[in-house]
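Here is how the chains run, residue by residue.
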Amino acid sequence: MLLGVQSKREVQRSRHRVITAMRTQAREQGRYLGGRPPYGYQLVDAGPHPNAAHARWGRRLQRLEPDPATAAHVRRMFAQRLSGHSLASIARALNDDAVACPSTVDPGRNHHRTNDRWTLRTASAILANPRYTGRQVWNRQRTDIDTADGNRDAHGTVRWNNTKDWVISKQQAHTALVTEQEFIATQAIRSRRSAHDGTTRSYLLTGLLRCGSCGRRMDAHWVNQRPGYRCRHGHTSTQHPANQRRKILYLREDHVIARLAGHPSIARDTHSPHMLATFLREEKIHIVCDQTHCTPITARFVQVDPARS
């Protein structure tokens, strides 16, 4: 037991030293530390590795340079956003012009994505990436592996870190596609807007509801002065309407809460909607809904339509 504790302590110390060194390299040197290059950039050789041992092993540094085939599309997206275009109109214009999306341009590094068109999330992620200002950024994402069920081979879940945890280089490390002033102005446009009456709308069950028909996560939707949720079964404003589509599923938040009130899998001490939402998140329970029923299901058993885009 003592040897095990000492080994674990040394692993933690090594991890701390490595992370500290990577933070310093990214902040002070602007070094590229791996990962997928952002859309609009490509990796080029940056010379031999500064560490003599690594250099003898043949390792070399890499840096980001604008990709001639995609850099212009990134500049176009920022220009359209600054001119007042919505994210949906930007993505729809790229789809109409048959511009290849990131997963199509680089399928080898995006094997986890199967989309062949631009989406709102893709356009939003590009417009929020500070790397396009020429500064190197590290620690934007992390991979969490949940082994609570005893499965040591469980795949990790990629999650975004808080912006305060990002490591940004002090100086520009590669060629910028937009200026810092343009990037800051774009983020101001993307900031959360309040309603017409000045209040901020809130949704208690955001991310917890799944469509019973297609398995997709339902979107929060404000309608008739009350919170609600909807599923458009894969159709978004970035696509043109199809001739035949399934009817959109609309549910009011208060109706969903009323359906869950007497369910046997819900704790009896959840007397308020806020307590109910907290209980569902803590227990990792999703709600599968249709027009008439709402069924709580543990998150790992939620089935997703394999044909979803």
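Criteria and cut-off values
- Residues numbered from 1 in each chain as written.
- Predicted model: local features only at pLDDT ≥ 70, side-chain atom pairs only at ≥ 80, totals over all residues.
- Heavy atoms only, no water.
- Helix = DSSP H or I, 4+ residues; strand = E, 2+ residues; numbered from the N terminus.
- Buried < 20%, exposed > 50% of the residue type's maximum accessible area, 1.4 Å probe, protein only.
- Contact = heavy atoms within 4.5 Å.
- Phe/Tyr/Trp six-rings, centres within 6.5 Å; stacked < 30°, edge-to-face > 60°.
- Core = buried A, V, L, I, M, F, W, Y, C linked by side-chain atoms within 4.5 Å.
- Arc of directions from axis to C-beta.
- pLDDT = per-residue confidence, 0-100.
- Salt bridge = Lys/Arg side-chain N within 4 Å of Asp/Glu carboxyl O.
- 1 Å grid on protein atoms, 1.4 Å probe; cavity = no way out; pocket = protein on both sides within 12 Å on 5 of 7 lines; lining within 4 Å.
- Points joined across faces, edges and corners; volume = space filled by probe spheres on them.
- Nonpolar A, V, L, I, M, F, W, Y, C, P; charged D, E, K, R; others polar.
- Pairing = 2+ DSSP bridges.
- Axes fitted to C-alpha atoms, helices over the stretch in contact; angles between N-to-C directions.
- Left-handed = near helix turned anticlockwise from the far one by under 90°.

Student: I tried to follow the overall build of the chain on my own but got confused; where do I start?
Tutor: A tally of regular secondary structure across the chain gives nine helices and 12 strands. Across the 309 residues in the chain, those meeting the buried criterion constitute 32%. Residue pairs in contact within the chain that sit at least 24 positions apart in sequence constitute 59% of those at least 6 positions apart.

Student: Looking at this model, I keep getting lost on the packing of aromatic side chains. Mind explaining?
Tutor: In this description, a pair of aromatic rings is defined by centroid distance and the angle of the planes. In the structure shown here, the tally under the stated rule is six aromatic pairs. Ring geometry for Tyr 39 versus Trp 118: centroids 5.2 Å apart, planes at 85 degrees, classification edge-to-face. Taken as a pair, Tyr 39 in the loop between helix H1 (2–29) and strand E1 (41–48) and Trp 118 in the loop between helix H5 (102–105) and helix H6 (120–127) lie far apart in primary sequence, 79 residues in all. Trp 118 carries the same exposure label as Tyr 39, and that label is buried. With a centroid separation of 6.2 Å and an interplanar angle of 65 degrees, the aromatic rings of Tyr 203 and Tyr 229 are classed as edge-to-face. On the criterion of sequence distance, the pair formed by Tyr 203 in the loop between helix H7 (180–190) and strand E7 (209–211) and Tyr 229 in strand E9 (residues 226–231) is long-range, its members being 26 residues apart. The class for Tyr 203 is partly exposed, based on a relative accessible area of 22%.

Student: Would you take a moment to explain the nonpolar core for this structure?
Tutor: Buried together is how nonpolar side chains tend to be arranged in soluble globular proteins. Ranked by internal contacts, the top residues of the largest apolar core, which has 23 residues, are Leu 205, Leu 209, Met 218, Leu 280 and Ile 287. Counting residues per element, the ones that place at least two in this core are E7, E9, strand E10 (249–252), helix H8 (253–260), helix H9 (273–282) and strand E11 (285–289). Not counting the four nearest positions on each side in its chain, Ile 287 is found in contact with Leu 208, Leu 209, Arg 210, Leu 260, Leu 280, Cys 294, Thr 295 and Pro 296. The next biggest cluster of nonpolar side chains, apart from the first, holds 22 residues, and it includes Leu 64, Met 77, Val 178 and Phe 183.

Student: Which parts of the structure should I look at to understand H8?
Tutor: It helps to recall that an α-helix has 3.6 residues per turn; residues three or four apart then point in one direction. Where H8 is concerned, the buried positions are Glu 253, Val 256, Ile 257 and Leu 260. Along the long axis of H8, the arc covered by the buried residues comes to 100 degrees, so they all point the same way. Where H8 is buried, its residues contact E7, E9, E10, H9, E11 and strand E12 (294–298).

Student: Before we go on, may I ask you to explain the confidence of the model for the chain in this structure?
Tutor: The predicted coordinates ought not to be read in detail in places where the model reports low pLDDT. Chain-level pLDDT for the chain is 84 on average; 84% of the residues reach the 70-or-more range. Looking over the chain, one finds the lowest element-wise mean pLDDT in strand E5 (residues 157–160), namely 80, and the highest in helix H3 (residues 71–82), namely 95. Ignoring residues within four places in sequence, the model shows residues 301–309, a span with pLDDT below 50, making 17 contacts including any to other chains.

Student: Got a minute to help me understand unusual backbone geometry in this structure?
Tutor: Glycine aside, a negative phi is what most residues show, and trans is what most peptide bonds show. Non-glycine residue Gln 225 carries a positive phi angle of around 65 degrees. Assignment of secondary structure puts Gln 225 in the loop between strand E8 (219–223) and E9. The exposed category is assigned to Gln 225, whose relative accessible area is 68%. Positive phi outside glycine occurs at Lys 284, with the angle close to 55 degrees. With respect to the helices and strands, Lys 284 occurs in the loop between H9 and E11.

Student: How do you make sense of the pattern of salt bridges when you look at a structure like this?
Tutor: A side chain with one charge may pair with a side chain of the opposite charge, provided their charged atoms come close. Inspection of the entire model under this criterion finds nine salt bridges. Across the pair Glu 28 and Lys 170 runs a salt bridge, and its minimum N-O distance is 3.0 Å. With Glu 28 in helix H1 and Lys 170 in strand E6 (residues 167–172), this residue pair connects regions lying 142 residues apart in the sequence. One salt bridge connects Arg 63 with Glu 65, and the closest N-O pair in it is separated by 3.1 Å. Residue Glu 65 is classed as partly exposed on the basis of its relative accessible area, which comes to 21%. Put simply, Glu 10, Arg 13 and Arg 17 are held in one network by salt bridges that share partners.

Student: Would you take a moment to explain the layout of surface pockets for this structure?
Tutor: Taking a probe equal in size to a water molecule and rolling it over the atoms shows the remaining empty space. Here the second largest pocket defines a volume of roughly 320 Å³. Taken together, 14 residues make up the lining of the second largest pocket; nearest its centre are Gln 25, Arg 31, Leu 33, His 49 and Leu 61. Of all elements in the fold, only H1 and strand E2 (60–66) reach the threshold of two or more residues within the lining of the second largest pocket. If you tally residues by element for the lining of the second largest pocket, the top one is E2, at three residues. By residue class, the composition of the lining of the second largest pocket is five nonpolar, six polar and three charged.

Student: Would you mind showing me how to read the sheet that holds E7 here?
Tutor: Across a sheet, paired strands are connected by hydrogen bonds in the backbone, their directions being either parallel or antiparallel. One open sheet accounts for three strands, arranged E7-E11-E12; its pairing is mixed. Of all strands in the sheet, those bounded by a partner on one side alone are E7 and E12. With direction set aside, neighbouring strand axes in the sheet form an average angle of 35 degrees. Sheet contacts for H8: E7, E11 and E12; angle to E12, the most-contacted strand, approximately 70 degrees.

Student: Would you mind going over the packing of H3 against helix H4 (residues 87–96) with me for this structure?
Tutor: In helix packing, the relevant descriptors are the interaxial angle and the interaxial distance, both defined with respect to the helix axes. Remark: H3 packs on H4, axes separated minimally by 10 Å, with the N-to-C direction vectors making an angle of 145 degrees. Note that H3 runs across H4; the crossing there is right-handed. Contact with H3, carried on its side by Arg 76, Met 77, Gln 80 and Arg 81, involves Leu 87, Ile 90, Ala 93 and Leu 94 of H4 and no other residues of that element.

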